[in-house]
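# Overview (structure and organization)
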Amino acid sequence: MQPRACLNAQPAYGIQLQMSDTSTVYGAGLRYQLDDSLDLDLTTSHRQRSSGNHDNRLFLQLPSDF
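Please read these numbers as outputs of a predicted model, since none were measured by experiment. (Residues numbered from 1 in each chain as written. Predicted model: local features only at pLDDT ≥ 70, side-chain atom pairs only at ≥ 80, totals over all residues. Heavy atoms only, no water.)

Attention now goes to the pattern of salt bridges. Here the structure, examined in full by the defined rule, presents three salt bridges. Residue aspartate 55 pairs with arginine 49 through a salt bridge whose shortest N-O separation is 3.2 Å. The partner of aspartate 55 in a salt bridge is arginine 57, with the nearest N and O atoms 3.7 Å apart. Its relative accessible area of 17% is what places aspartate 55 among the buried residues. (Salt bridge = Lys/Arg side-chain N within 4 Å of Asp/Glu carboxyl O. Buried < 20%, exposed > 50% of the residue type's maximum accessible area, 1.4 Å probe, protein only.)

The next thing to look at is a nonpolar patch on the surface. Nonpolar side chains collect at one region of the surface, where Tyr13, Ile15, Leu30, Tyr32, Leu42, Leu58 and Leu60 lie side by side and expose about 810 Å² of accessible area between them. For the nonpolar patch, the secondary-structure elements that each account for two or more residues are strand 1 (10-19), strand 2 (23-35) and strand 4 (55-61). In this structure, isoleucine 15 sits in strand 1. For isoleucine 15, a relative accessible area of 75% translates into the label exposed. (Patch = residues over 30% accessible without salt bridge, like charges linked within 9 Å, V, L, I, M, F, W, Y side chains within 5 Å. Areas by Shrake-Rupley, 256 points an atom, 1.4 Å probe, with all protein chains shown as cover. Helix = DSSP H or I, 4+ residues; strand = E, 2+ residues; numbered from the N terminus.)

Locating aspartate 41 in the fold gives a position in strand 3 (residues 38-49). Only 2.6 Å separates the side chain of aspartate 41 from the side chain of arginine 31, close enough to count as a polar contact. The residues contacting aspartate 41, other than those within four sequence positions of it, are Leu30, Arg31, Phe59, Leu60, Gln61 and Pro63. (Polar contact = N/O pair within 3.5 Å; in protein donor to acceptor, adjacent residues only side chain to side chain. Contact = heavy atoms within 4.5 Å.)

Walk down a regular strand and you will see the side chains alternate between the two sheet faces. Pairing of strand 2 with strand 3 involves 12 bridges; the strand directions are antiparallel. Residue pairing for strand 3: aspartate 35 is matched across the bridge by leucine 38. A loop of two residues connects strand 2 with strand 3, the two strands running antiparallel in sequence. (Pairing = 2+ DSSP bridges.)

In this fold, threonine 43 is placed in strand 3. The class of threonine 43 is partly exposed, set by a relative accessible area of 33%. Once the C-alpha coordinates of threonine 43 and alanine 28 are considered, the two residues, 15 residues apart in sequence, prove to be 5.8 Å apart. Excluding its chain neighbours within four sequence positions, the residues that come into contact with threonine 43 are Ala28, Gly29, Arg57, Leu58 and Phe59.

The next subject is the environment of aspartate 41. For aspartate 41, a relative accessible area of 8% corresponds to the buried category. For the pair aspartate 41 and glutamine 61, spaced 20 residues apart in the sequence, the C-alpha separation amounts to 5.0 Å.

Don't take any of this as a statement about function, it's just geometry.
Encoded structure:
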């Protein structure tokens, strides 16, 4: 009997919008549950400030129950 690989994934997503008088934040994220003990979270955001000092962020998280 040949060993077989299997991938069970559950995609999820989220969208973020925060507004104030000094900044606006746009964000989006993806979460993949690869199995019962391993998740993959990828999120990004862009912040626009009224001062002109903008920033971009990218996060990759691998939470695990090992």
